[in-house]
Amino acid sequence: MAGNTNSSSADAEFKSASGTLKARRAVCYVVLVIISILCLFWFYMLFINATRSNDELGQGFTLLPSSHLGENLKNIFNNGTIPIVSGMANSVIIAALTALLSTYFSTMTAYSIQVYNYKGKKAIFTFILAIMMIPTQVSALGFVNLVKGMNLEDNFIPLIVPSIAAPITFFYLKQYMAANLPLSLIEAARIDGEHEIGIFNKIALPLMIPAIAVQAIFTFVSSWNNYFTPALILHDSSKKTLPILIAQLRNADFLKFDMGQVYAMIAFSIFPVIVVYLFLSKYIVGGVTAGGVKE
Amino acid sequence: MPNKDLNVQFTNRGRSGKIDKLNIWGYIFLLPFTLVFIVFQLIPLVNTIYNSFFENYMAGLKQVGPNFVGLANFGELFKSGDLVKYFGNTMIMWILGFIPQIVLSLLLSSWFTNPSLRLRFQRFFKTVIYLPNLIMASAFAMLFFTMFDITGPVNGLFVKLGIFKEPFSFFTSIGATRGLVAFMNCLMWFGNTTILLMAGMLGIPVDIFEAADVDGATPTQVFWKITLPLLRPILVYVMVTSLIGGLQMFDVPQILTNGKGDPMRTSMTLIMYLNKHLYSKNYGLAGALSVLLLIITAILSFIVFKVTGEEELNKKAR
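Everything quoted here is computed from the prediction, not taken from an experiment. (Residues numbered from 1 in each chain as written. Chains lettered and ligands numbered in written order. Predicted model: local features only at pLDDT ≥ 70, side-chain atom pairs only at ≥ 80, totals over all residues. Heavy atoms only, no water.)

Quick question: what am I supposed to make of the packing of aromatic side chains here?
By convention here, two paired aromatic rings are described through the distance between centres and the angle between planes. Summed over the entire model, instances satisfying the criterion amount to 39 aromatic pairs over all chains. Ring centres of A:Y104 and A:F200 lie 5.7 Å apart, and the angle between their planes is 70°; on these two criteria the pair is classed as edge-to-face. Within this pair, whereas A:Y104 is found in helix α5 (residues 84-115), its partner A:F200 is found in helix α11 (residues 196-207), the two being separated by 96 residues in sequence. Classification of A:Y104 as partly exposed rests on a relative accessible area of 27%. Pairing A:Y118 with B:Y27 gives two aromatic rings, centres 4.5 Å apart and planes at 40°, and the pair type is tilted. Of this pair, A:Y118 sits in the loop between α5 and α6 (121-130) while B:Y27 sits in helix α2 (residues 24-51), which puts the two residues in different chains. On the accessibility criterion, A:Y118 (9% relative accessible area) is buried. The exposure class assigned to B:Y27 is partly exposed, which follows from its relative accessible area of 37%. Members of the aromatic cluster, each reached through a chain of ring pairs, are A:F41, A:W42, A:F43, B:F140, B:F144, B:F148, B:F158, B:F164, B:F168, B:F170 and B:F183. The residue whose ring lies beneath A:K174 is A:F125, and the NZ or CZ to ring-centre distance is 5.3 Å. Sitting above the plane of the B:F112 ring, B:K126 keeps its charged end 5.7 Å from the centroid. (Phe/Tyr/Trp six-rings, centres within 6.5 Å; stacked < 30°, edge-to-face > 60°. Helix = DSSP H or I, 4+ residues; strand = E, 2+ residues; numbered from the N terminus. Buried < 20%, exposed > 50% of the residue type's maximum accessible area, 1.4 Å probe, protein only. Lys NZ or Arg CZ within 6 Å of the ring centre and 35° of its normal.)

I keep staring at the packing of α5(A) against helix α9 (residues 167-180) of chain A and nothing clicks. Help me out?
For any two helices packed against each other, the geometry comes down to the angle between their axes and how far apart the axes lie. All names here are of chain A. It is the contact of α5 with α9, at a shortest axis distance of 8 Å, that shows an interaxial angle of 55°. Regarding the angle of α5 to α9, the classification is oblique. Between α5 and α9 lies a crossing of right-handed hand. Here S102, T103, S106, T107, T109, A110, Y111, I113 and Q114 of α5 lie close against α9, whose contacting residues are T169, F170, L173, K174, M177 and A178. Of the residues belonging to the contact of α5 with α9, the class tally is seven nonpolar, seven polar and one charged. (Axes fitted to C-alpha atoms, helices over the stretch in contact; angles between N-to-C directions. Parallel < 35°, antiparallel > 145°, perpendicular 65-115°, else oblique. Left-handed = near helix turned anticlockwise from the far one by under 90°. Contact = heavy atoms within 4.5 Å. Nonpolar A, V, L, I, M, F, W, Y, C, P; charged D, E, K, R; others polar.)

Where do I start with the domain arrangement of chain B in this structure?
Where interface size is quoted, it is often the accessible area lost as the parts come together. Residues and elements named next belong to chain B. According to the domain assignment, chain B contains domain 1 (4-51) and domain 2 (80-317). Once you take the C-alpha centre of each, domain 1 and domain 2 turn out to be 36 Å apart. The interface of domain 1 with domain 2 comprises four residues on the first partner and six residues on the second. When the area that domain 1 buries against domain 2 is broken down by residue, the three leading residues are T48, I49 and N51, summing to 78%. Run the count over domain 1 and domain 2 and you get zero salt bridges. (Domains from an automatic or database assignment. Buried area = accessible area lost by both parts, 1.4 Å probe. Salt bridge = Lys/Arg side-chain N within 4 Å of Asp/Glu carboxyl O.)

Honestly, the pairing of strand β1 (residues 54-59) of chain B in this entry has me stumped. Any pointers?
Sheet faces and side chains relate simply in a regular strand, where the side chains alternate between the two faces. Residues and elements named next belong to chain B. Of the pairings in the sheet, the one linking β1 to strand β2 (residues 62-68) comprises five bridges and is antiparallel in character. Bridged to E55 within β2 is N67. The turn linking β1 back onto β2 is made up of two residues, and G60 within it adopts a positive phi angle of 65°. (Pairing = 2+ DSSP bridges.)

For this particular structure, what's the right way to read the nonpolar core?
Nonpolar side chains in soluble globular proteins generally cluster together in the buried interior. If you look at the biggest cluster of nonpolar residues, it comprises 189 residues, and the most contacted ones within it are A:Y111 and B:F140. If you tally residues by element for this core, the top one is helix α15 (residues 259-292) of chain A, at 15 residues. Apart from residues lying up to four places away in sequence, A:Y111 is in contact with A:Y116, A:M177, A:L181, A:I186, A:I199, A:F200, A:A204 and B:F29. (Core = buried A, V, L, I, M, F, W, Y, C linked by side-chain atoms within 4.5 Å.)

When you look at the domain arrangement of chain A in this model, what are you seeing that I'm missing?
We note that the domain assignment places domain 1 (11-68) and domain 2 (81-252) within chain A. A separation of 37 Å is found between the C-alpha centroids of domain 1 of chain A and domain 2 of chain A.

Help me understand unusual backbone geometry in this model?
With the exception of glycine, the majority of residues adopt a negative phi angle, and the majority of peptide bonds are in the trans configuration. Geometrically, the link from B:D262 to B:P263 is a cis peptide bond, its omega value of -10° lying close to zero. Residue position: B:P263 is located in the loop between α11 (251-256) and α12 (270-279). One non-glycine residue with positive phi stands out, namely A:N151, at about 60°. Structurally, the position occupied by A:N151 is in the loop between α7 (140-149) and α8 (157-160). Given the relative accessible area of 67%, A:N151 is considered exposed. Of note in the backbone geometry, B:F121 takes a positive phi value of approximately 60° without being a glycine. Structurally, the position occupied by B:F121 is in the loop between α4 (82-112) and α5 (122-134).

Here it is, written out as structure tokens:
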């Protein structure tokens, strides 16, 4: 990717008339600010409403926070029907293990394709690229049957282990490896008598850390947000993840509910991701293009 | 894009014998992927396709089937009209969201990459517009449901500002419900698309723009005559992958309408329909629907594959 100076409409017209350029820039900023408000408004309102009591929420709209955040949080932690704390714990366990396994084994798959030469390698590589776009939903029926057959319902294994075969993660890591893993380094380690598994773990893996980190974040987030598959597998309320509990919240008789609690629960499942994102945004925004566009 | 450096590696070194033996490790390292793929993706896929040819559902508490019925499940899907209706819903909501999404993304990415504009706070704006993409779709939908409820803050605000005379019931209006789903999809994806398009725009060689500059082209002309045509491969990529994503639309309308697709099933999507059959254990129809979705996505994937392949060729030609 080239630098900023590299690109569009370096137009003489606007250079000469700096007034027009200023006006154009002003329009850009106004539009960008409006769009930013459109993106952030919902989360701001969520925060405000999570601090208000049910009675206050009934009184209508306000932009100012109230003082009931602690009370609302206490209520959701003690809520027996929707166990949000165990839901968060389950989500964290599943997403973290998924990110870990998926990136480790995708790096291994990429390593196999990148470093070794064997029969059928090209075909395998093309095949993995070809299945990249196939959505998981189309095999959901067979997946549920399989999980039932293996007696793994209400178990986290069918939500974690399948991520070992992740074509998109693989492709990203393969691209990165092609540019950043010198084969001479592997040769040298072989001459030193290092075992192949040792070379992978001690030499290749550390060199891949930047790419692995980006993919780990994306895998974590998509597992964290996943609703369709976990909802088919997890039925026991102590095993449910956050998205399933949110759906249950939608299912619950809405008006009888304490709206303060409803907002607090939504906030509880959204804000941790926002906080983490604010710290990692540099890597995440930078990582989008590398994974999406094949350059 | 099968990599060009694949073959140069250890091919000509068979003489030593040792390297050949080492290549066995290629298979060993490939093993976890292969095993997991076969068990958790291939077998389920074959099982799904197999199920699509059988009558297999629950009539009350009694299970009917499985009996082999050939293509009858597919016939039933088309005959009932539901499939066509839900496909239509999915497409309408996708298009309603995609058009503003692509327009907004083209606008923002051309601003961000424009050197003469020199916009500041780019990092901040990019961070903000990408944020909705990471939010749990189900929680985001639940948030919108509470926000746009008849007693919710949006109605409160609009009544206060005098835009509405009285609270408007968004979720009993077909247009408003579909519009909200589309709006949320747009909001969640335009940041991602902007960043992809920016990469594409930065990849266009500068000399083309310089030449246009010398010839006295206006910014509008440059955008329509140079940027857009050269961006075509990425635009097609964005559009087709977004379409594949659109066909998988589930979380947002499912939570927003509590799985009912209200009003009158006008916001019911294909995956919501699939989900319904999976829950009611109508495996025959669920299988047939999955196979149809598989065929559609396979065709679309093939287009992506072709387009990105062509792009690669163009790059080499340059």
